[in-house]
Amino acid sequence: TWPGAATRPVDLRSDAVTLPGPGMRRAMAQAPCGGGPLQRRPAAPRTELQMLAADQFQMEAALFVPTTTMGNLIAVMAHCRERGDEMIVGDLSHIHVYEQGGSAQIAGVHSTMATTLPDGTFDLVELESKIRHGYPKPYFPRSRLIVENTHNIRGGRVLPLSFLQEVRALADRYGLWVHMDGARVVNAAVAQRVPLTTILQHTHTVSVSLSKGLGAPVGSMLAGPREFIAQALRYRKALGGGMRQAGILAAAGKVALLEMSGRLEEDHHNARTFAQGLLSCDPPLFAVDMDSVQTNIVCFHLKDPTLSPARFCARLALVGEGEEEALGQGTRVLLLPFFRNTIRAVWHLGISAEDTQLAIQKMKYVASQYGSRRKA
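Residues numbered from 1 in each chain as written. Predicted model: local features only at pLDDT ≥ 70, side-chain atom pairs only at ≥ 80, totals over all residues. Heavy atoms only, no water.

If you check an unreviewed UniProt entry, the protein chain appears there as Threonine aldolase 1 from Tetraodon nigroviridis. What the UniProt record of the protein chain gives under Cofactor (unreviewed entry) is the line "pyridoxal 5'-phosphate". One UniProt comment on the protein chain, placed under Sequence similarities (unreviewed entry), says "Belongs to the threonine aldolase family." (UniProt positions renumbered as here; feature names shortened; annotations may be inferred.)

Shown next, in the form of structure tokens:
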């Protein structure tokens, strides 16, 4: 950053960087402390949160866990209890790419991959071919299914309801379970303008993040049948997921479920505004598929193969000489180099429409600088 520059950060690295707002902070401050296994009464807010989630998701029971990564791992462990069990996942799904192979490393569950199509779905014929038809013959593991919604690597795309329905029908035909990694499933419901339960009716179990677009500081809800949640409770304990001061954290989760979904449309609108701004840059340095901008994630790439995403993101995080004078504002835009040659930007409650315009202004400025250097 140029010495003396007054800067304003616009952090688009993830919706996991959100901070609780004033209403959520008040609820946390007023919540009873305690909540460990030796302090039963202060655990009431956590119980209320779990009942609220089960009611909203229209599932029999729910469990509060620290992260969606843990929730997904617990789900795999609860569904695949026999040695030699197997799950079927997309080759670009979050649980396969980003969760360190925890299903194999910790749960001892084998994975087989289905090719992720450009819209985030699978080819259903290929998916069916991955199912081990011969179980319980000794040659094959036993199959499970995991579906992600929305699809992170495919740019926040929402999986079509018809696809989810077909996957569930396929699973039912073969007596399999469906678990949804629903970290941003509330975004999907808002984008499709349907109740959350319209999506969740097509899955047996789900993990729903409270700490991304919904703005809680910690937590995810794992939901499903009562017997599944009873088993999940044991696995949460084994994985170290029993939380102290649970009442404080659960109070934030209740605000997230009751009050925060209504503002997600703002994030989606700002993300689309930013994507359109990228396409108006001169020179046209950026490529973005507008059809993929369905929720709060924008994935784009640089048209010049000699310009690396890492270098470009590093430049955006700086305020260069003369930039504050040229733009009237020193802006640091924080982005992440993403999958392959892609850069990802994610909107959340910490990013306003004004922040979005500042980010567009910065992208245009850096693109014009790059174009000037190319001409020289």
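**Digging into the UniProt feature "modified residue: N6-(pyridoxal phosphate)lysine" (unreviewed entry) in the protein chain**
Mapped onto the present numbering, the UniProt feature "modified residue: N6-(pyridoxal phosphate)lysine" (unreviewed entry) falls on Lys212. As for its position among the elements, Lys212 is in the loop between β7 (205–209) and β8 (220–224). With relative accessibility at 18%, the residue Lys212 sits in the buried group. If we ignore the near neighbours within four places in the chain, the residues touching Lys212 are Asp15, Thr18, Ala183 and Arg184. (Helix = DSSP H or I, 4+ residues; strand = E, 2+ residues; numbered from the N terminus. Buried < 20%, exposed > 50% of the residue type's maximum accessible area, 1.4 Å probe, protein only. Contact = heavy atoms within 4.5 Å.)

**Description of unusual backbone geometry**
With an omega dihedral of 5°, the bond running from Asp282 to Pro283 counts as a cis peptide bond. For Pro283, the position within the fold is in the loop between α12 (264–279) and β9 (286–287). Of note, the phi angle at Gln58 is positive, near 55°, even though the residue is not glycine. By the element assignment, Gln58 lies in the loop between α2 (44–57) and β2 (61–65). With phi around 55°, Arg193 is a residue other than glycine that occupies positive phi space.

**Some remarks on the packing of aromatic side chains**
Considering all chains together, one arrives at five aromatic pairs under this definition. Ring centres 4.9 Å apart and planes at 50° place the aromatic pair Phe274 and Trp347 in the tilted group. With a gap of 73 residues between them, Phe274 in helix α12 and Trp347 in the loop between β13 (342–346) and α15 (353–375) connect regions that are remote in the sequence. Comparing Phe274 with Trp347, the two get one shared label, buried. (Phe/Tyr/Trp six-rings, centres within 6.5 Å; stacked < 30°, edge-to-face > 60°.)

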